[in-house]
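Examination of the molecular architecture
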Amino acid sequence: MSRTVKRLRVKQDKVPEVLKALRDLTGSQVLVGIPASTTERESEGGSDMTNSELGYIHEFGSPAANIPARPFLIPGVEKSLDRATHQLELAAKAAFKGDATAMDMRLEMAGQIAATGAKREISYGDFIPLKPSTIRNRRRGRRTKSMRAAEQQYLTLVAGGMSEEDAQSAAGIRPLIDTGALRNSITSVVRKRK
């Protein structure tokens, strides 16, 4: 009985590239949020609150300031998790092929998808309505003398007996959107673990 032995011929050795890409992948983090270092905002009275601090307050609430929680970051990321996870799977496949460029691109895409999910939650999420006093004071935060037409409409509707939630919806006012600075500050970054 004779056996035929097939020989394996290596045309190109990609083991070093694959190992490096796998090390890079396992050493990478995809972070989504509002970086404290780049979130300065102009505010009334020279307050030095950043968008990251404001985002934290809105995400978890502040009983001391009588601000209810209006979570947007965690729910927004969770709602986009399937699409972001798909990109992470593609990043892993690229790493197994030794394609570090494709891997990095997929990691970036996963972060962008999750950040977009958080921004979308601010735009469309279901939040506790604002109080009329908050609507009245919004112009101060924008440093303008007059209210927007939607804010005036809201106050008129509430004064006429409409619920705060229905008045907000009718006037087109969103609880976490005044200037758009908070929403625009949400980003993602891929960084190496330390």
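Before reading further, recall that the structure is shown in the block above.
Worth saying up front: this structure is predicted, and the values here are computed from it rather than measured. Per-chain numbering applies: the sequence of each chain, read as written, is numbered from 1 onward. pLDDT decides what is reported in this predicted model: residues at 70 or higher carry local features, side-chain atom pairs at 80 or more are listed and counted, and totals for whole chains, interfaces and linings draw on all residues regardless. Computation of side-chain values covers all heavy atoms of the structure but excludes hydrogens and water.

1. Side note on the layout of surface pockets
Considering only enclosed or pocket space, the second largest pocket measures out at about 160 Å³ in volume. Segments assigned H or I by DSSP are reported as helices when at least four residues long, segments assigned E as strands when at least two residues long, and all are numbered from the N terminus. Looking at the lining of the second largest pocket, the elements that each hand over two or more residues are helix H3 (73–79) and helix H5 (100–124). Take the lining of the second largest pocket: its biggest share by element is 6 residues, from H5. Within the lining of the second largest pocket, the residues separate by chemical class into 2 nonpolar, 5 polar and 4 charged. Points on a 1 Å grid over protein atoms alone make up a cavity when a 1.4 Å probe fits among them but cannot get out, and a pocket when they form an open set with protein on both sides within 12 Å along at least five of seven lines; lining residues each have an atom within 4 Å of a point. Grid points are joined across faces, edges and corners, and a volume is the space filled by probe spheres set on the points. Each residue gets one of three labels, nonpolar for Ala, Val, Leu, Ile, Met, Phe, Trp, Tyr, Cys and Pro, charged for Asp, Glu, Lys and Arg, and polar for the others, Gly among them.

2. A closer look at the side chain of Ser 185
If you trace the backbone, Ser 185 turns up in the loop between helix H9 (181–184) and strand S2 (187–192). Polar contacts, as counted here, are pairs of nitrogen or oxygen atoms within 3.5 Å of one another; within protein the pair requires one atom able to donate a hydrogen and one able to accept it, and residues that are adjacent in sequence qualify only if both atoms are side-chain atoms. Of the polar contacts made by the side chain of Ser 185, one reaches the backbone oxygen of Leu 182; its length is 2.7 Å.

3. Looking at the packing of helix H1 (residues 15–26) against helix H4 (residues 81–96)
Note on definitions: angles span 0 to 180 degrees between N-to-C directions of axes, and those axes are lines fitted to C-alpha atoms, for helices only across the stretch in contact. For the pair H1 and H4, interaxial distance at closest approach is 7 Å and the crossing angle is 150 degrees. Considering the angle they form, H1 stands roughly antiparallel to H4. Contact residues: Val 18, Ala 21, Leu 22 and Leu 25 in H1; Ala 91, Ala 92, Ala 95 and Phe 96 in H4. Here the residues of the contact of H1 with H4 are counted per class, giving 8 nonpolar, no polar and no charged. Here the angle decides the label: under 35 degrees means roughly parallel, over 145 means roughly antiparallel, 65 to 115 means roughly perpendicular, and every other value means oblique. Only heavy atoms enter the contact rule, under which two residues are in contact if any of them lie within 4.5 Å.

None of this, on its own, says anything about what the molecule does.
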